[in-house]
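Residues per chain are reported as follows:
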Amino acid sequence: MKTIIHLILVILLAPFIGWAQAPETDVIAKTEVTRLGFITGRWQGKGWMYGQDRVKREFDQVEDIKFKLDSTAILIEGKGIAEGKVIHNAMAIISWNKTDNNYSFYSYLSTGRKGEFKGELIGEEFYWYPAENMRYIISINDKGQWYEKGEINMGTSWFQFFEMTLDKQ
């Protein structure tokens, strides 16, 4: 009878034994993601973009960027407002993709659009590519501001269609 009781206790308690040890952080992911620490913080400023009608429009932008999951991921929340209306409401998660040896940039829009895109750190600039012929480049300028531009490849050259300059709050 004692043997049966002990067996039942072992079966019932076995799932909790693993909880006693904290899982180890993925050191490679943490190392690579922390290299993007220059973009973390709360940022606010202005930007412009060309619409499909080729009209240049200005907007106010806020970006809130934080390390998550013991610095193995970055959460980005951004909101753009023009003429009192939200024109851009997005969230992104950046993590390290060990298989492809680059960053995964997961983007989610309030419109329901979402996707996983390649990201890479080139020098001190973070590039992410929402399409084969499109790229966004994020850097910190000489004034310590977030500077981001969006470009589309028009065959032989890149055409800028987007720009943001934000101050750290």
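Parameters at a glance
Residues numbered from 1 in each chain as written. Predicted model: local features only at pLDDT ≥ 70, side-chain atom pairs only at ≥ 80, totals over all residues. Heavy atoms only, no water. Salt bridge = Lys/Arg side-chain N within 4 Å of Asp/Glu carboxyl O. Buried < 20%, exposed > 50% of the residue type's maximum accessible area, 1.4 Å probe, protein only. Helix = DSSP H or I, 4+ residues; strand = E, 2+ residues; numbered from the N terminus. Contact = heavy atoms within 4.5 Å. Core = buried A, V, L, I, M, F, W, Y, C linked by side-chain atoms within 4.5 Å. Phe/Tyr/Trp six-rings, centres within 6.5 Å; stacked < 30°, edge-to-face > 60°. Lys NZ or Arg CZ within 6 Å of the ring centre and 35° of its normal. Pairing = 2+ DSSP bridges. Axes fitted to C-alpha atoms, helices over the stretch in contact; angles between N-to-C directions.

A. Expanded view of the pattern of salt bridges. Enumeration over the complete set of coordinates arrives at eight salt bridges. In this structure, Glu-32 engages Arg-35 in a salt bridge whose closest nitrogen and oxygen atoms are separated by 2.9 Å. The class for Glu-32 is buried, based on a relative accessible area of 17%. You can call Arg-35 partly exposed: its relative accessible area is 44%. The closest approach of N and O atoms between Glu-151 and Lys-149, which form a salt bridge, is 3.5 Å. The buried category is assigned to Glu-151, whose relative accessible area is 7%. For Lys-149, a relative accessible area of 25% corresponds to the partly exposed category. The network of salt bridges with shared partners includes Arg-135, Lys-149 and Glu-151.

B. Just the environment of Ile-94, in detail. Structurally, the position occupied by Ile-94 is in strand β4 (residues 85–97). C-alpha of Ile-94 to C-alpha of Leu-75: the two residues are 19 residues apart in sequence and 6.7 Å apart in space. Ignoring sequence-local partners within four residues, the contact set of Ile-94 consists of Leu-36, Ile-39, Thr-72, Ala-73, Ile-74, Ile-76, Tyr-103, Ser-104, Phe-105 and Phe-126.

C. Inspection of the nonpolar core at higher detail. Counting 24 residues, the largest nonpolar core has Ile-76, Ile-94, Phe-126 and Trp-146 as the members making the most contacts within it. Counting residues per element, the ones that place at least two in this core are α2 (27–34), β2 (56–68), β3 (73–82), β4, β5 (102–109), β7 (125–131), β8 (134–140) and β10 (158–168). For this core, the leading source of residues is β10, giving four residues.

D. Focus on the packing of aromatic side chains. Counted by the stated rule, this structure contains 13 aromatic pairs. Note on Phe-59 and Phe-162: the rings are 6.0 Å apart at their centroids and 20 degrees apart in plane angle, and the pair reads as stacked. A residue pair is termed long-range when its members are at least 10 positions apart, and Phe-59 in strand β2 and Phe-162 in strand β10 qualify at 103 residues. The exposure classification of Phe-59 matches that of Phe-162, with both residues buried. Taking the centre distance of 4.9 Å and the plane angle of 80 degrees together, the rings of Trp-96 and Tyr-103 count as edge-to-face. Accessibility classification places Trp-96 together with Tyr-103 in one group, the buried group. Through pairs of rings, three or more aromatic residues link up here, namely Phe-59, Trp-96, Tyr-103, Phe-105, Phe-117, Phe-126, Trp-128, Tyr-136, Phe-161 and Phe-162. One cation-aromatic arrangement involves Lys-56 over Trp-48; the distance from NZ or CZ to the ring centre is 4.2 Å.

E. The arrangement of the side chain of Ser-71 in detail. Here Ser-71 shows up in the loop between β2 and β3. Those residues in contact with Ser-71 that sit more than four places away from it in its chain are Ala-29, Lys-30, Val-33 and Thr-34.

F. Representation of the sheet that holds β4. What the 10 strands build is a closed barrel, ordered β1-β2-β3-β4-β5-β6-β7-β8-β9-β10; its pairing is antiparallel. Put simply, the sheet's adjacent strands are angled 25 degrees from each other on average, direction ignored. Contacting β2, β3, β4 and β5, α2 crosses the sheet at an angle of about 135 degrees to β4.

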